[in-house]
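Next come the chains, spelled out residue by residue.
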Amino acid sequence: MQNTQPIQNPTQPTPTSQSANTPPTTQAPLEETPKKKKTWLLIFLVVLLLSATGVLGYKYYELKQQLENKQSAPLPSPELKEKSTASPNKQLKESEIISIDDIWNKYINYQHGFSIYIPKISMNGYGACEWNDKDGDHSYRPKDAHVPIQVLEDNSSVYIVSEYYYQLAGKTKETVGLGTRSYYSECNKTPVTLSLLADTHYLMFWEIVTKDVKDDYDLEQFIKDEYGAGCKLGEKKASPQDNVFNILIDKGEFIDLKEAIKRNCLVNYMYEIKYSPELNKAVSYKRGQDASYRSSLNKTFDDEMDKSFQFLTENLR
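Residues numbered from 1 in each chain as written. Predicted model: local features only at pLDDT ≥ 70, side-chain atom pairs only at ≥ 80, totals over all residues. Heavy atoms only, no water.

1. Section: the sheet that holds strand E11 (residues 245-250)
Formally: Here, a strand pair is defined by DSSP locating no fewer than two bridges between the strands. Each helix is a run of DSSP H or I of at least 4 residues and each strand a run of E of at least 2, with the numbering of both proceeding from the N terminus. Note on method: axes are straight lines fitted to C-alpha atoms, helices fitted across the in-contact stretch only, with angles between N-to-C directions ranging 0 to 180 degrees.
The strand order E4-E5-E6-E9-E13-E12-E11-E10 describes an open sheet built from eight strands, whose pairing is antiparallel. One side of each edge strand has no neighbouring strand; the edge strands of this open sheet are strand E4 (121-132) and strand E10 (232-238). In this sheet, neighbouring strand axes are inclined to one another by 25 degrees on average, regardless of whether the strands run parallel or antiparallel. Here four bridges tie strand E6 (residues 157-162) to strand E9 (residues 206-212), and the two strands are oriented antiparallel to one another.

As structure tokens, this is what we get:
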């Protein structure tokens, strides 16, 4: 049995067809509205991204500039914060050593306000050592040698001293004739540090001490502190540097050694005291009874070093 279906009239419009009198539908605007929203949202996001990028770029530029400024500026020295007389290119330095020639360096201390020439090397009686087996000896013995000179700084003191020396060790004693003799099985190269200066007899050096002084009373007190309570301010002699004086110590009339010890002013060695009233500063260094710096056994540097000393005035800083 066959099912019969109604036959449509070809001239009858289908349900999907629209007649000429039927008004247009509103479906198209409903389809365009989401697209417009997406377009405006995309534009907003792009603008927001560009704004954020600009802000971040500017912040990065500011940070970069700050870092570059910090790196280019030298670190201030705490000890020199109150120093106002030094020029901008020197006020942040505590000290420096400048090579003059093959023999001399110039040491400049901006903190304490002076300069002095120092030799690059100097003969040192303990600059080396060697094994000796002559005449029954069997020991290391010290030997003269040239050693580089360094500068050590400690508060108000500056030490001009060898970089190292050779220290004998492994000491034993043997009876030789009517006495005894020491022998050493070791010889060790020893760097010179501040802690060694007070404990060794191997070294000869200058200690340059500076002091701020306002008047003659302060100057005499400085002399007493450095040379003994019985010492007094003596004569002031003009030095080669303008407005700087070489100071002599009034030790009183010398009677004998016991009296000098009792008076507490035993100064039987070479010394230098220099005073600048203009700068309100005094400097002292004890040269000892013999030269401390030598190029050979017969030639010394000490006098030339002393002549080179200068206080740093405004035009020398």
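There is more to say after this.
2. Some remarks on the pairing of strand E5 (residues 139-154)
Direction of pairing for E4 relative to E5: antiparallel, over a ladder of nine bridges. Along E5, the bridge assignment pairs Asn-124 with Ala-145. Between E4 and the antiparallel strand that follows it, E5, lie six residues; Asp-135 among them carries a positive phi value of about 55 degrees. Relative to E6, E5 is paired through six bridges, and the arrangement is antiparallel. Across the sheet, residue Gln-150 finds its bridge partner in E6, namely Val-161. Between E5 and E6, which follow one another and run antiparallel, lie two residues, and Asn-155 among them has a positive phi close to 55 degrees.

3. Description of unusual backbone geometry
Going by this rule: Relative accessible area decides the class of each residue, using a 1.4 Å probe on protein chains only: under 20% of the type maximum gives buried, over 50% gives exposed, and in between gives partly exposed.
Residues other than glycine seldom take positive phi values, yet Asn-155 does so here, at roughly 55 degrees. By relative accessible area, Asn-155 is classed as exposed at 67%. In this structure, Asn-280 takes a positive phi of about 55 degrees despite not being glycine. By the element assignment, Asn-280 lies in the loop between strand E12 (270-276) and strand E13 (281-288). Classification of Asn-280 by relative accessible area gives partly exposed; the value is 35%.

4. Focus on the state of the cysteines
Put simply, the test is: Counting rule for disulfides: a pair of cysteine sulfur atoms within 2.5 Å.
Throughout the structure, instances matching the rule amount to two disulfides. One disulfide bridge connects Cys-129 with Cys-187, the sulfur atoms lying 1.7 Å from each other. Disulfide Cys-129 to Cys-187: torsion about the S-S bond roughly -120 degrees, handedness left-handed. Residue Cys-129 is found in strand E4, and its partner Cys-187 is found in strand E8 (residues 179-191); the two are separated by 58 residues along the sequence. Between the sulfur atoms of Cys-231 and its disulfide mate Cys-265 the distance is 2.0 Å.

5. Thoughts on helix H3 (residues 216-227)
Inclusion rule: One less than the residue count of a helix, multiplied by 1.5 Å, gives the span that helix is expected to have. Directions are taken from the helix axis to each C-beta atom, and the arc is the one they span. What qualifies as a polar contact is a pair of N or O atoms within 3.5 Å, subject to a donor-acceptor requirement within protein and to the restriction that residues adjacent in sequence count only when both atoms come from side chains.
Compared with the 16 Å implied by 1.5 Å per residue over twelve residues, the 16 Å span of H3 between its first and last C-alpha is a close match. All buried positions along H3 are accounted for by Asp-218, Leu-219, Phe-222, Ile-223 and Tyr-227. Each buried residue of H3 sits inside an arc of 145 degrees when the element is viewed along its axis, so together they form one side. Exposed and facing more than 90 degrees away from the buried side of H3 are Tyr-217 and Asp-225. The N-cap of H3, judged by a side-chain oxygen 3.2 Å from the amide nitrogen of Tyr-217 a few residues on, is Asp-215. Just downstream of H3 lies Gly-228, where phi reads positive at about 135 degrees.

6. Some remarks on the pattern of salt bridges
Worth spelling out the cut-off: Salt bridges, as used here, are contacts in which a Lys or Arg side-chain nitrogen is within 4 Å of a carboxyl oxygen on Asp or Glu.
By the definition in use, this model includes twelve salt bridges. The partner of Arg-287 in a salt bridge is Asp-306, with the nearest N and O atoms 3.9 Å apart. Separated by 19 residues along the polypeptide, Arg-287 in strand E13 and Asp-306 in helix H5 (residues 302-308) bring together distant segments of the chain. Each of the two residues, Arg-287 as well as Asp-306, counts as buried. Residue Arg-294 pairs with Asp-290 through a salt bridge whose shortest N-O separation is 3.1 Å. You can call Asp-290 partly exposed: its relative accessible area is 41%.

7. Some details on the confidence of the model for the protein
Where we set the bar: Each residue carries a pLDDT score, the predictor's own confidence in it, on a scale running from 0 to 100. Contact between two residues is taken to exist if any of their heavy atoms lie within 4.5 Å; hydrogens are not considered.
Averaged over every residue, the pLDDT of the protein is 80; the share at 70 or more is 71%. Within the model, pLDDT remains below 50 along residues 1-32, and this stretch shows one contact once partners closer than five positions in the same chain are excluded. Here residues 69-88 is a poorly scored stretch, pLDDT under 50, and it has 21 contacts once near neighbours within four places are set aside; other chains count.

8. What about the side chain of Ser-139?
Relative to the assigned elements, Ser-139 resides in strand E5. Looking at Ser-139, the relative accessible area reads 0%, which means it is buried. There is a polar contact of 2.6 Å between the side chain of Ser-139 and the backbone nitrogen of Tyr-184. Leave out the neighbours within four places in its chain, and Ser-139 touches Glu-130, Trp-131, Asn-132, Tyr-183 and Tyr-184.

9. Re the sheet that holds strand E3 (residues 114-119)
In space, the four strands of this open sheet follow the order E1-E2-E3-E14, with antiparallel pairing throughout. Unpaired on one side and paired on the other, strand E1 (95-99) and strand E14 (310-311) mark the two borders of the sheet. Sheet analysis places E3 next to E14, joined by two bridges and oriented antiparallel. Paired with Phe-114 across the bridge in E14 is Phe-311.

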